[in-house]
Amino acid sequence: MKKIFIGVVVTLAVVFIFRSCSEEKESESILQENSMLIQQQIDNVSKLIVTEGHFAEVYNYKDSQQLFGPLITAHKKALVVVNAEVTVAYDLSKLDMEIDQQTKVLRLKSIPEAEIKIYPDFEYYDVTADYLNQFNESDYNKIKKNVHASLMKKVALSSLKTNAQNRLISELSKFYILTNSMGWTLIYRDQIVDQNLHELMLKD
């Protein structure tokens, strides 16, 4: 009778240990699958061009050089019409984040700065130059540099960057929906996100 009792106890202990190991492996597998799903979602939007805009610029270029002192002055000028396409993008592959499988937390530490790229199309009109002051490569480079700086100022004063940030927040909100549906917690800069991602980002 004693041997039977010991056999039953040993059998129950083996079954309990087996079930515990199985449940632990299943839980670990689910955590890994959830982690991979979150990572895949982030990778899907890693190259995110959120806003495009078009700008026009009319630029008058003038240059004068004095030759032989003030005796002779050589002039050159050009009228430049620029039509530019501007894109605002976020490279989310540079997103500083941390996935904690044990506590089921996705932590967004920082978001990369917006990348502004300008693709200008230059058209030159009324290009005139004196014989002793001809157009050269440095003139064209100077025109491109000045136009680029002017366009960047226009972009800064426009609603392009604000629209881009709103689009970014819309994309990042998918992380909240995903983590929330799986019972995870989304944290941005040490604050729990509960549908207030827009307010948290505006504080930056």
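Here is what the cut-offs are and how they apply
Residues numbered from 1 in each chain as written. Predicted model: local features only at pLDDT ≥ 70, side-chain atom pairs only at ≥ 80, totals over all residues. Heavy atoms only, no water. Helix = DSSP H or I, 4+ residues; strand = E, 2+ residues; numbered from the N terminus. Buried < 20%, exposed > 50% of the residue type's maximum accessible area, 1.4 Å probe, protein only. Contact = heavy atoms within 4.5 Å. Areas by Shrake-Rupley, 256 points an atom, 1.4 Å probe, with all protein chains shown as cover. Pairing = 2+ DSSP bridges. Lys, Arg positive; Asp, Glu negative; His and termini not counted. Salt bridge = Lys/Arg side-chain N within 4 Å of Asp/Glu carboxyl O. Polar contact = N/O pair within 3.5 Å; in protein donor to acceptor, adjacent residues only side chain to side chain. Core = buried A, V, L, I, M, F, W, Y, C linked by side-chain atoms within 4.5 Å. Expected span 1.5 Å × (residues − 1). Arc of directions from axis to C-beta.

**Focus: the overall build of the chain**
Phase 1: Within the chain, the regular secondary structure consists of four helices and seven strands.
Phase 2: Counting from the amino terminus, the chain carries its helices and strands in the arrangement α-β-β-β-β-β-α-α-β-β-α.
Phase 3: Each of the 204 residues in the chain was classed as buried or not, and the buried ones make up 31%.
Phase 4: Contacts in the chain between residues at least 24 apart in sequence constitute 74% of all its contacts with a sequence separation of at least 6.
Phase 5: When the accessible surface of the chain is summed, it comes to about 13700 Å², and 54% of that surface belongs to carbon and sulfur atoms.

**Some words on the sheet that holds strand β6 (residues 185-188)**
Phase 1: One open sheet holds the four strands; their spatial order is β3-β4-β6-β7, and the pairing between them is mixed. A strand with exactly one partner marks an edge of an open sheet, and here the two such strands are β3 (96-100) and β7 (191-192).
Phase 2: Bridge analysis of strand β4 (residues 105-110) against β6 gives four bridges, and the strand direction is parallel. Note on β6: the bridge partner recorded for arginine 107 is isoleucine 187.

**Some remarks on the side chain of aspartate 63**
Phase 1: With respect to the helices and strands, the residue aspartate 63 is situated in strand β1 (residues 47-67).
Phase 2: Despite its burial, aspartate 63 pairs with no opposite charge; the closest candidate is lysine 76, at 4.1 Å N-O.
Phase 3: Polar contacts involving the side chain of aspartate 63 include one to the side chain of asparagine 133, which spans 3.2 Å.
Phase 4: Look past the residues within four positions of aspartate 63 in its chain and what remains in contact with it is Ala74, His75, Lys76 and Asn133.

**Topic: the pairing of β3**
Phase 1: Of the strand pairs in this sheet, β3 and β4 are connected by five bridges, and their pairing is antiparallel. By the bridge assignment, glutamate 98 is partnered in β4 with arginine 107.
Phase 2: With antiparallel pairing between neighbouring strands as the criterion, β3 and β4 make up a hairpin whose turn holds four residues, including lysine 104 at a positive phi of roughly 55 degrees.

**A few points about the nonpolar core**
Phase 1: Judged by nonpolar contacts, the single largest core of 30 residues is most densely connected at Leu151, Phe175 and Leu186.
Phase 2: Elements that contribute at least two residues to this core include exactly β1, β2 (72-91), β4, α2 (137-157), α3 (160-181) and β6.
Phase 3: Tallying contributions element by element places β2 first for this core, with seven residues.
Phase 4: Other than its neighbours up to four places away in sequence, leucine 186 contacts Leu106, Leu108, Phe175, Tyr176, Thr179, Gln191, Ile192 and Val193.

**Some points on α2**
Phase 1: With 21 residues, α2 extends 31 Å between its outermost C-alpha atoms, agreeing within 8% with the 30 Å of an ideal straight helix rising 1.5 Å per residue.
Phase 2: For α2, the full list of buried residues reads Asp139, Ile143, Val147, Leu151 and Val155. Seen end-on, α2 carries its buried residues on one side only, within an arc spanning 140 degrees. The exposed residues of α2 that point more than 90 degrees off its buried face are Glu137, Lys145, Lys153 and Ala156.

**Some details on the pattern of salt bridges**
Phase 1: Using the criterion set out here, one finds six salt bridges in the structure.
Phase 2: One salt bridge connects glutamate 57 with lysine 154, and the closest N-O pair in it is separated by 2.9 Å. In this pair, glutamate 57 sits in strand β1 while lysine 154 sits in helix α2, placing the two residues 97 residues apart along the sequence.
Phase 3: The partner of aspartate 126 in a salt bridge is lysine 77, with the nearest N and O atoms 4.0 Å apart. In this pair, aspartate 126 sits in strand β5 (residues 115-129) while lysine 77 sits in strand β2, placing the two residues 49 residues apart along the sequence.
Phase 4: Owing to a relative accessible area of 37%, lysine 77 belongs among the partly exposed residues under this scheme.
Phase 5: The structure contains a network of salt bridges with shared partners spanning Glu98, Arg107 and Lys109.

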